[in-house]
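Structure at a glance
Chain by chain, the residues:
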Amino acid sequence: MKVLAVIPARLASTRLPNKPLKDIGGQTMIERAWRQVMKSSVSRAVISTDNQEIFDLAKNFGAEVVMTDPALPNGSARVGATVNLIQDNFDLVLNVQGDMPFVSPQLIDQLIEFHSVNESFGMATAATPIYAEEDFLSNSVVKVVVGRGAQGLYFSRSPIPFSRDGLRISEEDMRVISTLDGRLNKYQVKNPVESEYAFGFKHFGIYSFRTDVLKLFENFSNATILSKIENLEQLFLLEQGVRIGVTIVDYSVVKDSIEVDTQADLEKAITQVTSNAV
């Protein structure tokens, strides 16, 4: 299977300006993300940017990099533009966020395997159970509701699903969710805490696309109201009728995969490096 990973990188972050260039233990954030992707099974990895400084930096540390239009509305549109520039054919195209400096190669490979055997999904992504109520209630943590057959039903910054009677998701529920076409997903979720019940699922910002689905982002100027309200581009695809698959990932795979959106996240990432945690 031929798989392209694109790492979008731009400087115009509102919450953490110049984010890709931030130093984390002697390497910039974007370099760390690229090096993690290169440890996975992808066929090719490309950094896609609209900034000359990032372009030159990426060239210097040995990455393949392309310049894309600064007017592109989001990372997935940038990924699609990158595919058009490369002019090659791929079975799957991954969008790996440049603000995930410790993204797990195992997470990438699990997503590739999951999407490769589930052809009915136009897009696939990853999630892990939420056991901490603080994370479940936080609007900085994107949640995903996953139905039977590992299908993503909705994504939100709100705490979903809402439990009217205090019910939570059991490990048996997770097994049912992970059953695909009568087969049990071989990836078993192991609860890292004493309680065997989860509030919901945390979504991770890594996406796998069929190339025809990526083309839909060329019309993102006509973005749907839900994607605008939540500011989540995957809702644009759901409202276009695209089926989204969600592979449930064990906590041990993603525990170090910090998504750096704020100064506090950056300080946490630096602490991980200095404490030799990653």
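Use the structure listed above.
All values reported here derive from a predicted model rather than from experimental measurement. (Residues numbered from 1 in each chain as written. Predicted model: local features only at pLDDT ≥ 70, side-chain atom pairs only at ≥ 80, totals over all residues. Heavy atoms only, no water.)

A word on the nonpolar core
Here is a general trend for soluble globular proteins: nonpolar side chains tend to be buried in one another's company. Spelled out, the test is: Nonpolar cores are built from buried Ala, Val, Leu, Ile, Met, Phe, Trp, Tyr and Cys residues. Side-chain atoms within 4.5 Å join them into one set. Partly exposed residues are those whose accessible area sits between 20% and 50% of the maximum for their type, while under 20% is buried and over 50% is exposed, using a 1.4 Å probe and protein chains only. Secondary structure is summarised from DSSP: a helix means a run of H or I of at least four residues, a strand means a run of E of at least two, and numbering begins at the N terminus for each. The contact criterion used is simple: two residues touch if any of their non-hydrogen atoms lie within 4.5 Å.
Counting 37 residues, the largest nonpolar core has Leu4, Val93, Phe201, Phe209, Phe217 and Leu237 as its most contacted members. Considering every element that reaches this core, the biggest residue donor is helix H3 (residues 75-86), with 4 residues. Leave out the neighbours within four places in its chain, and Phe209 touches Ser76, Asp91, Leu92, Val93, Asn95, His115, Gly122, Met123, Leu214, Phe217 and Leu237. Counting residues in hydrophobic clusters, the runner-up holds 36 residues, among them Leu11, Ala45, Met100 and Phe121.

A few points about the layout of surface pockets
Selection rule: Space inside and on the surface of the protein is sampled on a 1 Å grid over the protein atoms alone, with a cavity defined as a set of points where a 1.4 Å probe fits but cannot get out and a pocket as an open set with protein on both sides within 12 Å along at least 5 of 7 lines; lining residues have an atom within 4 Å of a point. Grid points are joined across faces, edges and corners, and a volume is the space filled by probe spheres set on the points.
Roughly 250 Å³ of internal volume is contained in the second largest pocket. For the second largest pocket, the full set of lining residues is Glu133, Phe136, Leu137, Pro159, Pro161, Phe162, Ser163, Leu167, Arg168, Ile169 and Phe199.

Overview of unusual backbone geometry
Of note, the bond from Ile160 into Pro161 is cis; its omega dihedral lies within 30 degrees of zero at 0°. Position of Pro161 relative to the elements: it lies in the loop between strand S9 (151-156) and helix H6 (171-177). Residue Asn18 is not a glycine yet carries a positive backbone phi of 60°. Locating Asn18 in the fold gives a position in the loop between strand S1 (3-9) and strand S2 (23-24). Of note in this structure, Asn231 is not a glycine but carries a positive phi near 55°. Within the fold, Asn231 resides in the loop between helix H8 (225-230) and helix H9 (234-239).

Quick look at the packing of aromatic side chains
Selection rule: Each pair of aromatic rings taken from Phe, Tyr and Trp, with Trp reduced to its six-membered ring, is defined by centres within 6.5 Å and is described as stacked if the planes are under 30 degrees apart, edge-to-face if over 60, and tilted in the remaining cases. Remark: a charge is flagged as sitting over a ring if the NZ atom of Lys or the CZ atom of Arg is within 6 Å of the ring centre and within 35 degrees of the ring normal.
According to the stated counting rule, one finds 8 aromatic pairs in the structure shown. Taking the centre distance of 6.0 Å and the plane angle of 15° together, the rings of Phe114 and Phe121 count as stacked. In terms of burial, Phe114 and Phe121 fall into one category: buried. Here the guanidinium or amino end of Lys2 rests over the ring plane of Phe90, the centre of that ring lying 5.3 Å away. A cation over an aromatic ring shows up here: Arg168 above the ring of Phe199, its NZ or CZ 3.9 Å from the ring centre.

Details of the environment of Ala58
With respect to the helices and strands, the residue Ala58 is situated in helix H2 (residues 52-60). Considered as a pair, Ala58 and Asn118 are 60 residues apart in the sequence and their alpha carbons are 34 Å apart. With near-sequence residues (within four places) excluded, Ala58 lies in contact with Ile47, Ala63 and Val65.

Observations concerning H3
Our working rule: What a helix is expected to span follows from its residue count: subtract one and scale by 1.5 Å. Counting of polar contacts relies on pairs of N or O atoms within 3.5 Å, with two restrictions inside protein: one atom must be capable of donating a hydrogen and the other of accepting it, and residues adjacent in sequence are counted only when both atoms are side-chain atoms.
Its 12 residues give H3 an end-to-end C-alpha distance of 17 Å, which sits within 8% of 16 Å, the value for a rise of 1.5 Å per residue. By the criterion of burial, H3 is predominantly enclosed, with 10 of the 12 residues buried. Of the residues making up H3, those classed as buried are Gly75, Ser76, Ala77, Arg78, Val79, Gly80, Ala81, Thr82, Val83 and Ile86. Packing partners of the buried residues in H3 comprise S1, strand S4 (44-49), strand S5 (64-67), strand S6 (92-96), strand S12 (200-209) and helix H7 (211-214). N-capping of H3 is provided by Asn74, with a side-chain oxygen placed 3.2 Å from the backbone N of Ser76. Count one or two residues on from H3 and you reach Gln87, which has phi positive near 55°.

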